[in-house]
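Next come the chains, spelled out residue by residue.
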Amino acid sequence: MIGKVHSHAVLGINAYEVEVEADIAGGQHYFGIVGLPDPAVKESKDRVKAALANSGFYLSVERRTVINLAPADIRKEGAALDLPIAVALLSAQGVVDVGRLADYSIIGELSLDGRVKAIPGVLCIADGARRAKRRGLILPADNANEAAVVTGLDILPVETLAETIAFLNDRLAIEPHRVDLPTIFHQSSRYGVDFADVKGQQHAKRALEVAAAGGHNVLMIGSPGSGKTMLARRLPTILPDLTIEESIETTKIHSVAGLVPARQSLVATRPFRSPHHTVSNVALIGGGAIPRPGEVSLAHHGVLFLDEMLEFQRSALEALRQPLEDGVVTVSRASMSTTFSARFLLCGAVNPCPCGFRGDPIKPCSCAPAIVQRYLSRLSGPLLDRIDIHIEVPPVHIQELSRGQAGEPSEVVRQRVNNARQRQLERFRGCKSLFCNAHMETKELKKLCPLSDEVRSLLETSVARLGLSARAFDRIIKVARTIADLEGAANIEPPHIAEAINYRSLDREG
Ligand SMILES: Nc1ncnc2c1ncn2[C@@H]1O[C@H](COP(=O)(O)OP(=O)(O)O)[C@@H](O)[C@H]1O
Ligand SMILES: [Mg+2]
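Just so it is clear, the model here is predicted, and its values are computed rather than measured.

S.K.: Would you explain helix α20 (residues 453-466) in this entry?
M.R.: Note: α-helices contain 3.6 residues per turn, so residues at a spacing of three or four share the same orientation. For α20, which comprises 14 residues, the first-to-last C-alpha distance of 20 Å matches the rise-based estimate of 20 Å (1.5 Å per residue) to within 8%. Listing the buried residues of α20 in full gives Val455, Leu459, Ser462 and Val463. Each buried residue of α20 lies within a common arc of 100° when the element is viewed along its axis, so the set occupies one face. The exposed residues of α20 that point more than 90 degrees off its buried face are Asp453, Glu454, Ala464 and Arg465. Summarising the contacts, the buried residues of α20 are in contact with α21 (470-487) and α22 (494-502). At the C-terminal side of α20, glycine 467 shows a positive phi close to 65°.

This is how it looks when you write it as structure tokens:
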């Protein structure tokens, strides 16, 4: 007799169907798994054997047992197929009613004592089970909150293998797990940090508000301890409110990376990712034999912070250009290619010079001008071209730190950002996949941001007088448009241009 169980495996952020078949026949003792299992799947035979024994099921040892995972041409990874393998084995022995098996998908890792443990990628798997029109998904109880985000199928949490079998044999009723999505989303959409924590720094805070309002990438230049990391951490809190759809997209990526905590439903706040400068290109961009999302995708709908940006490998910074341009990353392997979303706000931080103290009011800088020049010139190039706003972040005076008043809370700033984004969406009506000023191309800039003669001549003289590069020109107009949007102004006026020019400090250096 052959036992068959429906299950799923994840490729990218999509789940495909896997049929787990078990055949137990006469012959010499043998236990094998076929169908491109990776090492973790191969090990599942030991876990499954122990779990069956410790759950009180008898598995005949003198027989020939073969597990087949179909389709055979896609590599299966991880331990999530333990539970379906165990059920298929019991089904092959006639221990499980086949009636219910056909209606459900089963997924879960087994521990040796027969408990069912949480697995990554459950949101994607629940989505896959729904698309496969299954009546329900039997899954680890720790994953139930996450899976229940998907509606249209019964989410049936189990704690043990024995419980699973009891349910399939109709000896145990399991209530389908439900979550109240809007309530959960609302409850978990709070940040642990707030803009109000930052004392002083009015200039930097204003620049970050502009960056958030227009989706502009931003670079902070300041000596160690001046508060760059502190400010960057708070940038997600002033980005526009996350929608449930955006939250589900981000959760799927975090889910396949195994980053959604047990019993949590959604990633309901904008992500903040801060990879160390030694990060490998694969960890940053994504990839691997079985494609995994990289930091750029984990930052999808949030902030990617590159602290000490000049310390990153050149190749890593260059690899960032493509996702910055396209908002997606495509990872190609011999047999398959997988696409991960990667639309994030880039926030970089650098010291103003190698010793870090140039421009510091107290500590003297020990760097020769030529060295500073060479240091900053490493910043130039294609990546800097994608950064609309550069600001200097001077250290806040000790007195201001101890006596300074709390600033505006993030929620207040975020309201202004929401309003500015709303104005942008209205302007972009009819422009496909354009959601914020930073993503305008020259063509759209010409059409959507006309300049009066007065404004144009102000811009031209400033660019000439300050020696700004030609490429700064478009960026200044985009940022000026965002500043006008924050103010609710229909047209770009001279003060908007003047403020935007302020955010090009690196152009003036060179
Ligand atoms: N404006 C500020 N308001 C409140 N605390 C600050 C401010 N600037 C710096 N700090 C304090 O100094 C610490 C160091 O700041 P940090 O953000 O790590 O600096 P940087 O990243 O520029 O080296 C912060 O954790 C914070 O406690
Ligand atoms: Mg820092």
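S.K.: Can you walk me through helix α7 (residues 161-168) in this structure?
M.R.: Of all the eight residues making up α7, six are buried; the element is thus mostly covered by neighbouring parts of the structure. Of all the residues in α7, the buried ones are Leu161, Thr164, Ile165, Ala166, Phe167 and Leu168. Positive phi appears at aspartate 170, one or two residues downstream of α7, with a value of about 65°.

S.K.: Which parts of the structure should I look at to understand the nonpolar core?
M.R.: Nonpolar side chains tend toward joint burial in soluble globular proteins. Counting 52 residues, the largest nonpolar core has Leu235, Ile389, Ile391 and Ile476 as the members making the most contacts within it. When sequence neighbours within four positions are dropped, the list of residues in contact with isoleucine 476 reads Leu459, Val463, Leu468, Ile497, Ala500, Ile501 and Arg504. Leu90, Val116, Ile138 and Val158 belong to the second-largest nonpolar core, a separate cluster that totals 40 residues.

S.K.: Mind showing me how you'd approach the site of ligand 1 here?
M.R.: The local shell around ligand 1 holds 14 residues, among which Lys199, Gly225, Lys228, Thr229 and Met230 are the closest. Within the side chain of lysine 228, one N or O atom sits 2.8 Å away from an oxygen atom of ligand 1. If you tally residues by element for the shell around ligand 1, the top one is helix α10 (residues 228-233), at three residues. The residue inventory of the shell around ligand 1, partitioned by class, reads five nonpolar, six polar and three charged.

S.K.: It is not clear to me how the pairing of strand β2 (residues 14-25) should be interpreted in this structure. Could you clarify?
M.R.: In this structure, strand β1 (residues 2-11) lies alongside β2, joined through ten bridges in antiparallel fashion. Looking at the pairing, lysine 4 lines up with glutamate 21 of β2. Examined bridge by bridge, β2 and strand β4 (residues 64-70) share seven bridges and lie antiparallel to one another. By the bridge assignment, valine 20 is partnered in β4 with leucine 69.

S.K.: Any chance you could explain the environment of valine 116 here in plain terms?
M.R.: If you trace the backbone, valine 116 turns up in strand β7 (residues 116-117). The class of valine 116 is buried, set by a relative accessible area of 10%. Note: C-alpha distance between valine 116 and threonine 338 (222 residues apart in sequence) is 29 Å. In this view, valine 116 contacts Leu83, Gly108, Glu109, Leu110, Pro140, Val158, Glu159, Thr160 and Leu161; residues no more than four positions away in its chain are not counted.

S.K.: Quick question: what am I supposed to make of the sheet that holds strand β18 (residues 389-392) here?
M.R.: The pairing of strands in a sheet happens through backbone hydrogen bonds and is either parallel or antiparallel. The five strands lie next to each other as β11-β14-β17-β10-β18, forming an open sheet whose pairing is parallel. A strand with exactly one partner marks an edge of an open sheet, and here the two such strands are β11 (272-273) and β18. Examined bridge by bridge, β11 and strand β14 (residues 303-306) share two bridges and lie parallel to one another. Bridging from a neighbouring strand, phenylalanine 272 pairs with valine 303 of β14. Contacts from helix α9 (residues 202-214) reach β10 (218-221), β17 (345-350) and β18 within the one sheet, and its direction differs from that of β18 by about 170°.

S.K.: Looking at this structure, how should I read the side chain of serine 91?
M.R.: Mapping serine 91 onto the fold places it in helix α3 (residues 82-92). When near neighbours in sequence (up to four residues on either side) are disregarded, serine 91 contacts Met1, Gly3, Lys4, Val96, Val98 and Leu101.

S.K.: Quick question: what am I supposed to make of the pattern of salt bridges here?
M.R.: Any two side chains of opposite charge can pair if their charged atoms end up close together. With the rule as written, the count across this model stands at 22 salt bridges. One salt bridge in this structure joins arginine 47 and aspartate 82, with 2.7 Å as the shortest N-O distance. On the criterion of sequence distance, the pair formed by arginine 47 in helix α2 (residues 44-54) and aspartate 82 in helix α3 is long-range, its members being 35 residues apart. Across this residue pair, the class does not change: arginine 47 and aspartate 82 are buried. One salt bridge connects arginine 481 with aspartate 485, and the closest N-O pair in it is separated by 2.9 Å. Residue arginine 481 and its partner aspartate 485 are located together in helix α21, separated by four residues, close to a single helical turn. Of the residues examined, aspartate 485 reaches a relative accessible area of 0% and is grouped as buried. Each of Asp127, Arg130 and Lys252 takes part in one network of salt bridges that share partners.

S.K.: Explanation requested: the environment of leucine 239 in the structure shown.
M.R.: Along the polypeptide, leucine 239 turns up in the loop between α10 and α11 (244-256). For leucine 239, a relative accessible area of 4% gives the class buried. It is 8.9 Å that separates the C-alpha atoms of leucine 239 and alanine 211, two residues lying 28 residues apart in sequence. Leaving out residues up to four positions away in the same chain, leucine 239 has contacts with Ala212, Arg270, Gly302, Val303, Arg414, Val417 and Arg421.

The rules behind each value
- Residues numbered from 1 in each chain as written.
- Chains lettered and ligands numbered in written order.
- Predicted model: local features only at pLDDT ≥ 70, side-chain atom pairs only at ≥ 80, totals over all residues.
- Heavy atoms only, no water.
- Helix = DSSP H or I, 4+ residues; strand = E, 2+ residues; numbered from the N terminus.
- Expected span 1.5 Å × (residues − 1).
- Buried < 20%, exposed > 50% of the residue type's maximum accessible area, 1.4 Å probe, protein only.
- Arc of directions from axis to C-beta.
- Contact = heavy atoms within 4.5 Å.
- Core = buried A, V, L, I, M, F, W, Y, C linked by side-chain atoms within 4.5 Å.
- Near = heavy atom within 4 Å.
- Polar contact = N/O pair within 3.5 Å; in protein donor to acceptor, adjacent residues only side chain to side chain.
- Nonpolar A, V, L, I, M, F, W, Y, C, P; charged D, E, K, R; others polar.
- Pairing = 2+ DSSP bridges.
- Axes fitted to C-alpha atoms, helices over the stretch in contact; angles between N-to-C directions.
- Salt bridge = Lys/Arg side-chain N within 4 Å of Asp/Glu carboxyl O.

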